[in-house]
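Secondary and tertiary structure notes
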Amino acid sequence: MSVLSKINVHRRSIMRNLTKNVGKTNMQDDFILVDKSEIKRVLICRPNGRLGNLLLITPLVQEVSEMFPNCKIDLFVKGTLAPIIFEKYDVVGKIIHLPKKPFKSLLAYSKVWISLKKTPYDLAINVDQNSSSGQLAVQFSNAKYKFFGDSNEEVEHKSDFEHIAKYPVYNFRNYLAKLRMPTNSNKIIAPLDLKLTASEIAEGRKILGGLTNNDKKTICIFTYATGTKCLSEEWWEKFYSQLTDEYKDYNIIEILPVENVSQIGFKAPTFYSKDIREIGSVIANADLFIGADSGIMHLSSAVHTPTVGLFSVSNLKKYEPYDNCSIGVDVNLYTSKEYIKTINSILNNGRLNSYSKAI
């Protein structure tokens, strides 16, 4: 085990000990939220800096802003991606981010925690009940109402409860119901949303046009993923060959990861960028995205392009793309014919993504 891994193990152990008595939302009989207009400042805690995990909280942000239209939402996160992801969210006020490497930035790390105590909040929400840092942030915050993200049997029976973007919303609705606030527990949960602007979409269309130089429809593929989620070069070579044989009337563009590697040896035209919103704008103009479980897969969902998520080791029910004809498939169970059948079903649906409709 590397030194960094050992440090992370000890850090998690310390955080678990600190939060072992934290994480249960205490409700009193007289603790009632009578007027939603009194909720003007909200803190949402998701101390994680990964692209996918930050995109996956956008449905909760939309839910909170809809429930409390007069509120401003501060985000307690990690890293520097959140300001980019939530750039067009007018409801988001301050983004409080922990340093990626706290042991190298102890002073900055301490200041972030102190700021939580100094700022008065009407409501503090922990997104993931398994996050010790999130629980601690809610406990440490200066908020009247504190929700630690705990789930309840009343909502766990829902068929899609396991999804990481959805169960925080279900749990939050259940919490509000206990505060005797009227909620629609059966309302469809919002999709992930990067909130691209019309000008960003137009620029993405221009970039894509420069790559294809024709008026064919486009399929975007993303052949990379971290760790064991990354499918082999052999798998991708076979799959890419199948795609090119079956979809001769389509452009097939490979979106490259920040590592600038390709599992198909750069055989397809490629697009490389470190700008998350620019990558999203290109994918938003495609007719289909295919890629393994990764932050870019969630980015495709967040720009509302029909997405096929390829799962080999990850929990499919927890992370699969949803909405707008999207689907997660288990590559261990799928056959060549089933891939084509699924892709054809999406392409033949004739449904434009919401950004294309708006322009």
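Every chain begins its residue count from 1, and numbering advances along the sequence as written. Residue-level local features of this predicted model are given only where pLDDT is at least 70; pairs of side-chain atoms are given and counted only at 80 or more, and the full residue set underlies all totals for whole chains, interfaces and linings. Excluded from the side-chain calculation are hydrogens and water; included are all heavy atoms of the structure.

1. Overview of the overall build of the protein
This is how it is decided: We count a stretch as a helix when DSSP gives it H or I for four or more residues in a row; a strand needs E for two or more, and each element gets its number in order from the N terminus. Burial here depends on accessible area, computed with a 1.4 Å probe over protein chains only, as a share of the maximum for the residue type. Under 20% is buried, over 50% is exposed, and the range in between is partly exposed. Residue contacts are defined here by distance: any two heavy atoms, one from each residue, within 4.5 Å place the two residues in contact. Here, Shrake-Rupley sampling with a 1.4 Å probe gives the accessible areas, and only protein chains in the shown set may cover a residue.
Looking only at helices and strands, one finds 15 helices and 11 strands in the protein. Going through the 359 residues of the protein one by one, you find that 51% of them count as buried. Considering only residue pairs separated by 6 or more positions, the protein has 62% of its internal contacts joining residues 24 or more positions apart. Surface accessibility of the protein: about 17,400 Å² in total, with carbon and sulfur atoms responsible for 50%.

2. Quick word on the packing of aromatic side chains
Here a ring pair, both rings aromatic, is described through the centre-centre distance and the interplanar angle of the planes. For clarity, the threshold we go by: Here the aromatic set is Phe, Tyr and Trp, taking the six-membered ring for Trp, and pairing holds for ring centres within 6.5 Å; pairs whose planes are under 30 degrees apart are stacked, those over 60 apart are edge-to-face, and all others are tilted. Here, a charge over a ring is recorded when the distance from Lys NZ or Arg CZ to the ring centre is within 6 Å and its angle to the ring normal is within 35 degrees.
Applying the stated rule across the entire model yields 14 aromatic pairs. Note on Phe147 and Phe172: the rings are 6.5 Å apart at their centroids and 50 degrees apart in plane angle, and the pair reads as tilted. One end of the pair, Phe147, is in strand E5 (residues 142-147); the other, Phe172, is in helix H8 (residues 167-178), with 25 residues separating them in the sequence. Of the residues examined, Phe172 reaches a relative accessible area of 0% and is grouped as buried. With 6.0 Å between their ring centres and 80 degrees between their planes, Trp235 and Tyr339 make a pair best called edge-to-face. Here the residue Trp235 occupies a position in helix H10 (residues 233-246), and Tyr339 occupies one in helix H14 (residues 336-347), the gap between them amounting to 104 residues. An aromatic cluster is built from Trp235, Trp236, Phe239, Tyr334 and Tyr339, whose rings are joined through pairwise contacts. Directly above the ring of Phe140 sits Lys117, whose terminal nitrogen or CZ lies 5.4 Å from the centroid.

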